[in-house]
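# Architecture and fold: a report
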Amino acid sequence: MQLAARNTAGLADIKTDLELRYGVQVTTCELDVLQTGALEAFIDSLPELPITVVCAVGTMNDQEDNEQSLEAATLDMRSNFEAPALLLGLFANRFEARGRGTIVGISSVAGDRGRASNYVYGAAKAGFSAFLSGLRNRLASSDVHVLTVKPGFVATKMTEGLDLPEKLTAQPEELGEAIFTAVRKRRNVIYCRRIWWLIMLIIRSIPEGIFKKMSI
Amino acid sequence: MKLSGWGRYSPVDCRVLTPRAEAELAGYLQGEDPVIARGNGRAYGDPALNEAATISMRRLDRMISFDPATGVLVAQAGVLLADVISSVLPQGWFPLVTPGTRFVTLGGMAASDVHGKNHHVHGSFRASVLWLDLVEADGQTRRVSPEATPELFDQTLGGMGLTGLITRLAIQLTRVESGWIRQETIAAPNLKAAINAFEDNAGATYSVAWIDCLARGADLGRSLVMLGEHACLEDLPRTRRRRPFATGRKALRKVPFLFPGFVLNRWTVRAFNRLYYWKGRKATSELVDWESYFYPLDSILEWNRIYGRRGFVQFQCVFPLARSEAGLTQLLQQISEAGEGSFLAVLKRFGPQESAFSFPMEGYTLALDFPARPRSIALLKRLFPIVRDHGGRFYLAKDALLDAEMFFETDGRAPDFATMRTETGRKDVFSSRQSRRLGI
């Protein structure tokens, strides 16, 4: 298992924990995905090309900040779309050349429709979802599998302090298991929890004329 | 966020803090509000509930080191026992002491000083704790061990989180040769026979009895006493010896919804109990995998939903050895007369233990659960004085209903514990709904 993260402070502890829990060998390295010029060199520096790559990268600024500050909006767009898409694109090329591999991109239900409450973040996630969809289409004839994960609420640091409805909020372990199962079953797109599929279906099917007046 | 104990009884709105680094903890202690640590929410009542600030320790869940030669594990307090087992069992190690569910955190196990089916041999969880790190009222982290700080160690194990926040622990595991248990079942037609079975089998590593708390008259206390030993390689059939720890992955089922309140009533429970006893009566000796043996209920996720919307309350008491038979007889008479019984009635012999605030003492412990309806709660309150009058006491990890008066009457250690809390300033910093209810 190879772990890459920008914030390497906790990485050593995570490595030890994973090794003790699962008896696997773990290597770690520093990676700032926003330094897109260095992405190619990063992949080349890995001890070996992984069989599966899971991209769990993102930021979620305050929507108001995103409206007022170009800097904030740029960060959300780059870290939720540009950087992860470029990174997975590079892996895709290498996996295609090798003839197999699995690509997991963690997008969001927020990308399914732009809403006033978080459309900058949502737009970036929408871009990422579209990118993954195209990648899947391109690689369908090769043995490279692309999985788009659309979590709803997940109880992580990002959502801490928000008053989330319990029935719609997944624990991180739950999301992990859902992804693992989806990779094994070679699913294309998953929602977690599954109820989000229905919720987003409804939200997507509201006519724009009505939707623009709603606050959800 | 609405929180309750595992009994789902009387939920309350709590502000939940979820630290992801130990360094965040000291900051929580500087506010006006007292805090309480919460593990995986398996205590039945309210010891891990505090409206102003409940600290969820579940994300402080890194394993830090494990030495497969000595069986010493160091881990953060939020690590689940289930994860410990799946990590160490393939290497031939098992927890020395385990409660009846593996979905508990190590920190919660220490705070409740949990016991298992081997208490009469190995004692409570504290026997396996080499040291623990405790964030104290002043925000400082201190390493607490039986050698260096015996008093604080004694108060913290079983201290219900009221001495500080446990952040990490070192625990000693025990060697096993397989993931299988040799189980022997003894049918005991009444309480006296059950007690005799425990006394005759004091040498068994594990012993516990399922007790039919609705049986009356000559059948009062009818039980199945189950003994167990970790199976050695030669106990296993030849085909299993090559992979002695592979017991197969159990399918986890989940109770999908809250059962309506009428599902569990005296007739269904009585019928179940009768059937269970007659079925168990014939069983004698068999090999059982560790999951089924130690954690029969864990395979049914969210089994606490079978009691419906109102939830349920647990009752667990211990009687001193000399008063056990008399006390248990009175309790069982009250319960069977009332016709309020549970599937999960468990009788167990404790070995000697004297500690500052832990539950066990030498004698017999009885655990029951009841749906939280007024009739059952009224019955429970009739049981309390019986326990008091026979010199018994209650298990705080199960309790949701005691009042301060009854608690102080049954636990002679309560005044010292309460004084210690006040004098050290811990009372202002660490407090739960339970600690306030009990006046400690």
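Refer to the structure printed above.
Since we're looking at a predicted model, the values are computed, not measured.

### Things to note about a nonpolar patch on the surface
Residues and elements named next belong to chain A. A cluster of nonpolar residues, Ile 195, Trp 197, Leu 198, Leu 201 and Ile 202, forms a patch on the protein surface that exposes about 450 Å² of accessible area. Take Ile 202: it is sitting in helix H7 (residues 195-205). By relative accessible area, which is 48% here, Ile 202 ends up partly exposed.

### As for the sheet that holds strand S4 (residues 101-106) of chain A
Residues and elements named next belong to chain A. With parallel pairing, four strands are arranged side by side in an open sheet as S3-S4-S5-S8. The open sheet terminates on both sides in strands that have one partner only, identified here as strand S3 (52-55) and strand S8 (189-192). Shown here is a sheet whose adjacent strand axes are inclined to one another by a mean of 15°, direction ignored. Relative to strand S5 (residues 144-151), S4 runs parallel, the two sharing six bridges. Residue Ile 103 lies in a different strand from S5, and its bridge partner there is Val 146.

### Some points on the packing of aromatic side chains
If you walk through the whole model with that rule in mind, you get 19 aromatic pairs over all chains. Judged by centre distance (5.1 Å) and plane angle (35°), the rings of B:Phe94 and B:Phe294 are tilted. Linking B:Phe94 in strand S8 (residues 93-95) with B:Phe294 in helix H9 (residues 290-294), this pair joins segments that are 200 residues apart in sequence. According to the relative accessible area criterion, B:Phe294 is buried, its value standing at 4%. With centroids separated by 4.9 Å and ring planes inclined at 90°, the aromatic side chains of B:Tyr293 and B:Phe294 adopt a geometry described as edge-to-face. When its relative accessible area of 3% is taken as the criterion, B:Tyr293 is described as buried. Lying over the aromatic face of A:Phe211, A:Arg113 brings its terminal NZ or CZ to 3.8 Å of the ring centre. For B:Arg42, the ring lying beneath its charged end belongs to B:Trp6, and the centroid distance is 3.8 Å.

### Focus on the pattern of salt bridges
All names here are of chain B. Taken as a whole and assessed by the stated rule, the structure comprises 39 salt bridges over all chains. The partner of Arg 102 in a salt bridge is Asp 298, and the shortest N-O contact between them spans 3.3 Å. Of this pair, Arg 102 sits in the loop between S8 and helix H3 (106-112) while Asp 298 sits in the loop between H9 and strand S17 (300-301), and the two are 196 residues apart along the sequence. For the residue pair Arg 102 and Asp 298, the accessibility class agrees, reading buried in each case. The residue Glu 136 makes a salt bridge to Arg 426 at a minimum N-O spacing of 2.8 Å. In this pair, Glu 136 sits in the loop between strand S9 (129-135) and strand S10 (141-144) while Arg 426 sits in helix H14 (residues 426-429), placing the two residues 290 residues apart along the sequence. Take Glu 136 and Arg 426: they sit in the same class, and that class is buried.

Here is what the cut-offs are and how they apply
Residues numbered from 1 in each chain as written. Chains lettered and ligands numbered in written order. Predicted model: local features only at pLDDT ≥ 70, side-chain atom pairs only at ≥ 80, totals over all residues. Heavy atoms only, no water. Patch = residues over 30% accessible without salt bridge, like charges linked within 9 Å, V, L, I, M, F, W, Y side chains within 5 Å. Areas by Shrake-Rupley, 256 points an atom, 1.4 Å probe, with all protein chains shown as cover. Salt bridge = Lys/Arg side-chain N within 4 Å of Asp/Glu carboxyl O. Helix = DSSP H or I, 4+ residues; strand = E, 2+ residues; numbered from the N terminus. Buried < 20%, exposed > 50% of the residue type's maximum accessible area, 1.4 Å probe, protein only. Pairing = 2+ DSSP bridges. Axes fitted to C-alpha atoms, helices over the stretch in contact; angles between N-to-C directions. Phe/Tyr/Trp six-rings, centres within 6.5 Å; stacked < 30°, edge-to-face > 60°. Lys NZ or Arg CZ within 6 Å of the ring centre and 35° of its normal.

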